[in-house]
Amino acid sequence: MNSLRNSVFDKDFLIWALTNSDSSFLQELFAEAHRVRVESVGEQIYFRGLIEISNICRKNCLYCGIRKGNSMVSRYELSDEDILLAAQRAFDSGYGYVALQAGERDNAAYTARITRLVQQIKLLANPPLGITLSLGEQSLEVYREWHAAGGNRYLLRIETSSKKLYSKIHPNDNIHSFDNRLQALHNLRKAGFLVGTGVMIGLPFQTIEHLADDLLFMRDFGVDMCGMGPYLDHNETPFHSYRHTLYSEEKRFTMTLKMIALLRLMMPHINIVASTAMQVLDPLGREKALSSGANVVMPNITPAFAKENYKIYNGKTSAI
Ligand code: SAH
Ligand code: SF4
C-alpha cells in the first residue's frame with residue numbers, strides 16, 4: 001500500500017481507484033495524499049479571500065443558479081469601494097491573496113474597470129496582495145491587460161474534459177463552446193498567468209471514465225492549481241429535473257475527496273483548493289479535503305448583502 005504514490009496513473013488505474021470504495025483503501029489513499037502534500041508543498045494552508053464581485057452573467061450554463069436565464073436572481077455589482085474595502089480587510093486579516101470572481105461579461109467598459117480595480121488592489125498593501133481572477137472566458141488581449149495590471153493567477157474550470165459531456169451540460173452555441181474554453185486556458189498561460197482549472201464531480205451524465213480522463217487532462221495540461229468540487233443541485237436551473245439521477249450526496253462527497261487525493265499523488269507540487277461546495281455536503285468538508293491532499297482555502301469575504309445573491313447552487317453557505 002505504501003507504494004500508492006509510485007503507481008502508474010494511467011486510465012485503468014484511475015478507473016480502478018475511483019471505483020474502489022473499500023474503506024481501508026480509502027483511508028490509505030487519503031493518508032498517502034496528505035503525506036505527499038506535506039512533503040511537497042508543506043504543512044502550510046494558503047488562504048485566498050474570495051470576493052464575489054457580481055452575479056451578472058451573459059451565459060446560460062445548464063447547471064448554474066446565476067445563469068442569465070434565471071429571472072428569479074436579483075442582480076448586483078459591487079462598487080469599487082466595496083471591493084477595495086474587502087481587499088483591505090483581507091490584507092488586515094493576514095491573507096496574502098484575494099480572488100475576484102463573477103459571472104462572465106465581455107464589454108470593453110467592464111474589462112477596463114477590472115484592469116483599474118486590479119491596479120488599485122495592487123497599490124493597497126505592502127507587500128502587495130496576490131490576485132487571483134475567476135472572471136470567465138476573455139480574449140487573449142484582455143488576459144494580457146489583466147496580467148499586466150497585476151493579476152497573478154486565473155481560475156477557469158474546464159468543467160469537464162469531455163467535449164461530448166461539455167455539450168450536454170451547456171447550450172449549444174458559440175458562447176458555450178468547449179474548444180473556446182480550452183483555447184482560453186492556453187491563452188491564459190500565454191498571457192503569463194499561473195493557470196488553475198478544475199471540474200465538477202457527480203454531474204448528470206458523467207461517468208467514472210469521464211472523471212479518470214479529467215485527472216489525466218489536468219496532468220497533461222500541467223495546471224498550476226486545481227479547484228474541483230461536487231456538482232450541487234439548484235432548483236431554478238434546467239438540471240434540477242435530473243436531481244433524481246445523481247449519485248447520493250455522500251457518494252459525490254467521497255468521489256471528490258478521491259479525485260483530490262489522486263490528483264495530489266499525480267501532481268505533488270500544485271495548489272489544490274478545498275472548495276466551498278465540500279462544506280455544503282459536510283460541515284467538516286473543507287477540513288476533510290485538507291487532510292486528503294488539498295492545500296488552499298478560499299474563505300468568502302463578499303459583503304453579506306451581495307453574498308445572498310451569489311447562489312450558484314442550493315445551500316451555498318452564508319458562513320465563510
Ligand atoms: N463565471 C465564471 C466564474 C464563476 S462560476 C466561470 O464560469 O468560470 C464558478 C464555478 O462554479 C464554475 O466554474 C462551476 O464549476 C461552478 N458551479 C456552477 N454551478 C454549479 C453547481 N450547480 N454545482 C457546483 N458547482 C457549480
Ligand atoms: Fe455564468 Fe459561470 Fe454560472 Fe456559467 S458557471 S452561468 S459562466 S456564472
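The rules we used
Residues numbered from 1 in each chain as written. Chains lettered and ligands numbered in written order. Predicted model: local features only at pLDDT ≥ 70, side-chain atom pairs only at ≥ 80, totals over all residues. Heavy atoms only, no water. Salt bridge = Lys/Arg side-chain N within 4 Å of Asp/Glu carboxyl O. Helix = DSSP H or I, 4+ residues; strand = E, 2+ residues; numbered from the N terminus. Buried < 20%, exposed > 50% of the residue type's maximum accessible area, 1.4 Å probe, protein only. Near = heavy atom within 4 Å. Polar contact = N/O pair within 3.5 Å; in protein donor to acceptor, adjacent residues only side chain to side chain. Areas by Shrake-Rupley, 256 points an atom, 1.4 Å probe, with all protein chains shown as cover. 1 Å grid on protein atoms, 1.4 Å probe; cavity = no way out; pocket = protein on both sides within 12 Å on 5 of 7 lines; lining within 4 Å. Sits in = over half its atoms within 2 Å of the grid points. Nonpolar A, V, L, I, M, F, W, Y, C, P; charged D, E, K, R; others polar. Pairing = 2+ DSSP bridges. Axes fitted to C-alpha atoms, helices over the stretch in contact; angles between N-to-C directions. Left-handed = near helix turned anticlockwise from the far one by under 90°. Contact = heavy atoms within 4.5 Å. Expected span 1.5 Å × (residues − 1). Arc of directions from axis to C-beta. Core = buried A, V, L, I, M, F, W, Y, C linked by side-chain atoms within 4.5 Å.

Caption draft 1: Highlighting the pattern of salt bridges. Under the counting rule described, the total for this entry stands at 18 salt bridges. Of the charged contacts, one joins E209 and K11 as a salt bridge, the two residues approaching to 3.2 Å between their closest N and O atoms. Taken together, the positions of E209 in helix α8 (residues 208–221) and K11 in helix α1 (residues 11–19) put the pair 198 residues apart, joining distant regions of the chain. Judged by its relative accessible area of 46%, E209 falls in the partly exposed class.

Caption draft 2: Representation of the site of ligand 1 within the structure. In the vicinity of ligand 1, 17 residues are found, and the nearest of them are Y63, R157, E159, R181 and L232. Within the contact set of ligand 1, a nitrogen atom lies 2.9 Å away from a backbone nitrogen or oxygen of Y63. In the complex, 92% of the free accessible area of ligand 1, which totals 540 Å², lies under the protein chains. Mapping ligand 1 onto the cavity grids shows that it belongs to the largest cavity. Residues that form the shell around ligand 1 fall into these classes: 10 nonpolar, three polar and four charged.

Caption draft 3: Structural view of the pairing of strand β3 (residues 130–134). Along β3, five of the five residues are buried, which leaves the element largely enclosed by surrounding structure. Residues G130, T132 and S134 line one face of β3 and the alternating positions I131 and L133 line the opposite face, and both faces are buried. As paired elements, β3 and strand β4 (residues 153–155) share two bridges and run parallel to each other. Among the inter-strand pairings, T132 is bridged to a residue of β4, identified as R153.

Caption draft 4: The arrangement of the packing of helix α5 (residues 140–149) against helix α7 (residues 178–190) in detail. At a minimum axis distance of 9 Å, the contact between α5 and α7 shows a crossing angle of 40 degrees. Viewed along their axes, α5 and α7 form a crossing whose handedness is right-handed. On the side of α5, the interface is formed by L140, Y143 and R144, while α7 contributes A184, N187, L188 and K190. Looking at side-chain class alone, the contact of α5 with α7 contains four nonpolar, one polar and two charged residues.

Caption draft 5: Structural view of helix α3 (residues 80–92). For α3, with 13 residues, the first-to-last C-alpha span of 18 Å sits near the 18 Å given by 1.5 Å per residue. Those residues of α3 that fall on the buried side of the exposure criterion are I83, L84, A86, A87 and A90. Within α3, the buried residues cover an arc of 160 degrees as seen down the axis, which keeps them to one side. The outward face of α3, more than 90 degrees from its buried face, is lined by the exposed residues E81, R89 and D92. Residues of α3 that are buried sit in contact with β1 (46–54), β2 (97–102) and α4 (108–124). Looking one or two residues past α3, G94 carries a phi angle of roughly 90 degrees, positive in sign.

Caption draft 6: Seen up close, the nonpolar core. Among the nonpolar cores identified, the biggest contains 100 residues, and L215 and M228 are the most heavily contacted of them. Counting residues per element, this core draws most heavily on helix α9 (residues 249–266), which supplies 10 residues. Apart from the residues lying within four places of it in its own chain, the contact partners of L215 are L14, L18, M228, M259, L262, L263 and M266. Ranked by size, the runner-up nonpolar core spans six residues in total, among them L50, A99, V273 and V296.

Remember that the coordinates give geometry; whether it matters functionally is a separate question.
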